[in-house]
Amino acid sequence: MNQIDFSLNIAHLYPDLLNIYGDFGNILAFKNRCLWRGIEINVEEIKAGHRINPDEFDFYFIGGGQDIEQYMASEELLKNKERLKKAAENNVPMLAICGGYQLFGHYYRISKEKNLDGISILDCYTTAGNKRLIGNISGVCSYLTKDDVDNTVVGFENHSGLTYIKGDTKPFLKVIKGFGNNGKDKTEGARYKNVFGTYLHGPLLPKNPVFCDYLISLALKRKYKCNIPLVELADTVEEKAHEACLKIAGK
Ligand code: GLN
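1. Quick word on the pattern of salt bridges
1) Next: Under the definition given, this model contains ten salt bridges.
2) Next: The residue Asp235 makes a salt bridge to Arg33 at a minimum N-O spacing of 2.8 Å. Of this pair, Asp235 sits in the loop between α6 (209-224) and α7 (236-249) while Arg33 sits in helix α1 (residues 24-35), and the two are 202 residues apart along the sequence. Judged on exposure class, the residue Asp235 and its partner Arg33 are both buried.

Now the structure itself:
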């Protein structure tokens, strides 16, 4: 069965600045899991200088990068801050990975002298730590609650920033194995409304098809104002990848 009456517009924020560890694979997974169901997809790459129209997009994605690229991305994000906040308040799903995640919070303090302002969609802040938190990571996602569904999420983290969340912003995952936001409080990532920030590269969505479908469902529900059950996909390879990563990270 095709879901041909539906279409989604994706904004890929600053792919030329923030795209490491194959973060682009997240766009491919989101896009293909829609196309396989007959859902039409348009992807627009948002580059420096682009003024975002918040009513135009149904899903926003931003990848990770090193501090130097984050400087440039921070400047560009700040120019679109109010428009992106408007979209977030309107429940548009967004996924921000690692360096992008840090910039969706209030700030990333690199040192006493160097501070990068974020766009404060997520109520969190990041300070540079003195060691890298690196390795495979697994966690439990409480939103993926259906009985028959594996609600573990797996990925690979590599960051020195330590993130702390507060207020209405809640953790994305409870860490099973790995460091997560700061290596201490067992939280990983953040969620506010339909905006998700996470340190999980991997890329995240190909390894976690259940979470990818969750994002697609959120985007469809917001756009069409009703629940649209997704057509089941075979997912044999995806489930194998997920299981293999879970094994590497540890349950
Ligand atoms: N520069 C950031 C850190 O190390 C983000 C790195 C990344 O996106 N992988 O904390």
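2. A short note on the packing of helix α2 (residues 67-79) against helix α3 (residues 81-89)
1) Next: Where α2 meets α3, the axes come as close as 4 Å, and the angle between the chain directions of the two elements is 70 degrees. It follows that α2 is roughly perpendicular to α3 by the angle criterion. Contact residues: α2 offers Leu77, Leu78 and Lys79, while α3 offers Lys81, Arg83 and Leu84.
2) Next: The residue makeup of the contact of α2 with α3, split by class, is three nonpolar, no polar and three charged.

3. Digging into the nonpolar core
1) Next: Among the nonpolar cores identified, the biggest contains 66 residues, and Leu13, Phe30, Tyr60, Leu95 and Phe104 are the most heavily contacted of them.
2) Next: For this core, the element with the most residues is α6, which contributes seven residues.
3) Next: Apart from the residues lying within four places of it in its own chain, the contact partners of Leu95 are Phe59, Tyr60, Phe61, Ile62, Phe196, Thr198, Leu204, Leu205, Phe211 and Leu215.

4. Here's the deal with the site of the ligand
1) Next: Taken together, the neighbourhood of the ligand is formed by 15 residues, with Asp67, Gln70, Cys98, Gly99 and Gly161 sitting nearest.
2) Next: Interatomic distance of 2.6 Å between a side-chain N/O atom of Asp67 and a nitrogen atom of the ligand.
3) Next: One nitrogen or oxygen atom from the main chain of Gly161 is found 2.8 Å from an oxygen atom belonging to the ligand.
4) Next: When the ligand is considered free in solution it has 300 Å² of accessible area, and contact with the protein chains removes 99% of it.
5) Next: At the level of elements, α2, α4 (99-104) and β8 (152-165) are the ones that each hand at least two residues to the shell around the ligand.
6) Next: The leading source of residues in the shell around the ligand is β8, at four residues.
7) Next: For the shell around the ligand, the per-class residue count stands at three nonpolar, ten polar and two charged.

5. Things to note about α2
1) Next: Helix length check: α2, at 13 residues, gives a terminal C-alpha distance of 19 Å against a target of 18 Å (1.5 Å per residue), a fit within 8%.
2) Next: Gln70, Ala73, Ser74, Glu76 and Leu77 are the residues of α2 that are buried.
3) Next: Buried positions along α2 lie against β1 (7-13), β3 (59-62), α3, α4, β5 (107-109) and β6 (115-117).

6. Focus on the packing of α1 against α6
1) Next: For the pair α1 and α6, interaxial distance at closest approach is 10 Å and the crossing angle is 70 degrees. Considering the angle they form, α1 stands roughly perpendicular to α6. Taken together, the residues of α6 that come into contact with α1 (itself represented by Ala29, Phe30, Arg33 and Cys34) are Pro209, Cys212, Asp213, Leu215 and Ile216.
2) Next: For the contact of α1 with α6, the residue count by class is seven nonpolar, no polar and two charged.

7. Focus: a nonpolar patch on the surface
1) Next: A contiguous nonpolar patch, built from Ile68, Tyr71 and Met72 and spanning about 290 Å² of accessible area, is present on the exposed surface.
2) Next: Positionally, Ile68 belongs in helix α2.

8. Quick word on the pairing of strand β12 (residues 195-198)
Walk down a regular strand and you will see the side chains alternate between the two sheet faces.
1) Next: The two faces of β12 match: Val195 and Gly197 on one face and Phe196 and Thr198 on the other face are all buried.
2) Next: Looking at chain direction, strand β4 (residues 94-97) and β12 are connected through four bridges and run parallel. Residue pairing in the sheet places Ala96 in a bridge with Gly197 of β12.
3) Next: Note: strand β11 (residues 190-192) against β12, three bridges, orientation antiparallel. Bridge pairing in β12 places Arg191 opposite Phe196.
4) Next: Taking the residues that link successive antiparallel strands as the turn, the β11-β12 hairpin has two residues, and the phi of Lys193 there is positive, at about 50 degrees.

Conventions adopted
- Residues numbered from 1 in each chain as written.
- Predicted model: local features only at pLDDT ≥ 70, side-chain atom pairs only at ≥ 80, totals over all residues.
- Heavy atoms only, no water.
- Salt bridge = Lys/Arg side-chain N within 4 Å of Asp/Glu carboxyl O.
- Helix = DSSP H or I, 4+ residues; strand = E, 2+ residues; numbered from the N terminus.
- Buried < 20%, exposed > 50% of the residue type's maximum accessible area, 1.4 Å probe, protein only.
- Axes fitted to C-alpha atoms, helices over the stretch in contact; angles between N-to-C directions.
- Parallel < 35°, antiparallel > 145°, perpendicular 65-115°, else oblique.
- Contact = heavy atoms within 4.5 Å.
- Nonpolar A, V, L, I, M, F, W, Y, C, P; charged D, E, K, R; others polar.
- Core = buried A, V, L, I, M, F, W, Y, C linked by side-chain atoms within 4.5 Å.
- Near = heavy atom within 4 Å.
- Polar contact = N/O pair within 3.5 Å; in protein donor to acceptor, adjacent residues only side chain to side chain.
- Areas by Shrake-Rupley, 256 points an atom, 1.4 Å probe, with all protein chains shown as cover.
- Expected span 1.5 Å × (residues − 1).
- Patch = residues over 30% accessible without salt bridge, like charges linked within 9 Å, V, L, I, M, F, W, Y side chains within 5 Å.
- Pairing = 2+ DSSP bridges.

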